[in-house]
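# Descriptive analysis of the structure
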Amino acid sequence: MTDALLVLAIDLVRRAGALILAGRGSAADDVTTKTSPTDVVTAMDRAAERLVVDALHAARPGDGVLGEEGGETQGSGGVRWLIDPIDGTVNYLYGLPAYAVSLAAEVDGVMAVGAVYNPAIDELWTAVRGEGAWLDGRRLGVDRRSGPEVASLDQALVATGFGYGATRRRSQAAVVATLLPEVRDIRRFGAASLDLCSAATGRVDAYFERGLEPWDLAAGGLIASEAGLLVTGLSGAPAGGEMVVAAPPALHAALHDRLVALAADAGP
Ligand code: LIP
């Protein structure tokens, strides 16, 4: 069944990607906000999610769906889809080529397949639980990373991200300010799914972020773990809204322990 789910996911992220790419030039024409004046959603976010949801209901009418822009549809079977129609909406609004359609399918509560597609540069990441992760068909792995082998935090290129609320951002900025002189450098790309895929590919050595939604994490988290990274929360918690830490085994403990020491999962 997972093969069929993956084929459907790839088809839909590519179709939704083509739609948002075609609409990029007019993205600023219809913009509203959600949790804060800078948490934007465009008409293309809604149109892309509509395309994916309608196609899923047509192809697999008994499946559940959770989408960033449209809420949740309960399913009658064990399959639930998680959709971020445009992850990196601010990048999309500004025309920065770091945004993605992220689609994953859970089977009986366990993430089974994931696809993350950046239409701006035509890059597609995929993963199937227990079978591996791929970038444009090339297998990913900790022994196939694009960057250098890094085992110490002071040599690590670390990606992170920030919430939309000022109080949380101030707390997150304090963590980054402490980490910045302790690592090679920090990168903030603005799309969690692409951060996780970049870590899976070795374009960054690690990624952490507090405050991700299930649709931010679903596909990228599976891709990162199937690429051999440890994807966790802090202090034994699973990866989730409180914290996501994604890094190869040789580096994960150092970043994890530093984030615990900084109480990076506490606060607003
Ligand atoms: C984005 C996340 C990113 C976070 C951004 C934003 P959106 O999701 O993917 O990790 O740092 O602030 O929340 O809002 O573009 O779908």
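Our structure is the block above this text.
Throughout what follows, the structure given in this document is the object of discussion.

Cut-offs and rules
Residues numbered from 1 in each chain as written. Predicted model: local features only at pLDDT ≥ 70, side-chain atom pairs only at ≥ 80, totals over all residues. Heavy atoms only, no water. Salt bridge = Lys/Arg side-chain N within 4 Å of Asp/Glu carboxyl O. Buried < 20%, exposed > 50% of the residue type's maximum accessible area, 1.4 Å probe, protein only. Helix = DSSP H or I, 4+ residues; strand = E, 2+ residues; numbered from the N terminus. Pairing = 2+ DSSP bridges. Axes fitted to C-alpha atoms, helices over the stretch in contact; angles between N-to-C directions. Contact = heavy atoms within 4.5 Å. Near = heavy atom within 4 Å. Polar contact = N/O pair within 3.5 Å; in protein donor to acceptor, adjacent residues only side chain to side chain.

### A word on the pattern of salt bridges
With the rule as written, the count across this model stands at eleven salt bridges. In this structure, D185 and R187 form a salt bridge, with 3.0 Å as the shortest nitrogen-oxygen distance. For R187, a relative accessible area of 32% corresponds to the partly exposed category. Notably, a salt bridge pairs E242 with R210, separated by 2.9 Å at the nearest N-O pair. Of the two residues, E242 sits in the loop between β14 (230-232) and β15 (244-247) while R210 sits in the loop between β13 (206-209) and α6 (214-226), which places them 32 residues apart along the sequence. Residue classification places R210 among the buried residues on the basis of a relative accessible area of 7%. Taken together, the shared-partner salt bridges in this structure form one network comprising E72, R80 and E106.

### Details of the sheet that holds β15
Backbone-to-backbone hydrogen bonds join strands into a sheet, with any given pair of strands oriented parallel or antiparallel. Spatially, β12-β11-β13-β15-β14 is the arrangement adopted by the five strands of the open sheet, whose pairing is mixed. With partners counted over all chains shown, the strands left at the sheet margins are β12 (185-187) and β14, one partner each. Going from strand to strand, the sheet's axes swing by 15° on average, the running direction of each strand aside. Of the strand pairs in this sheet, strand β11 (residues 157-160) and β13 are connected by three bridges, and their pairing is parallel. Bridging from a neighbouring strand, T160 pairs with F208 of β13. Lying on the sheet, helix α5 (residues 192-201) is in contact with β11, β13 and β15; it crosses β13 at an angle near 155°.

### Focus on the site of the ligand
What surrounds the ligand is a group of 16 residues, the closest being D87, F162, Y164, A192 and E209. Between the ligand and G88, the relevant distance is 2.8 Å, taken from an oxygen atom to a main-chain nitrogen or oxygen of the residue. At 2.7 Å, a side-chain N or O of E209 approaches an oxygen atom of the ligand. For the shell around the ligand, the element with the most residues is strand β5 (residues 79-87), which contributes three residues.

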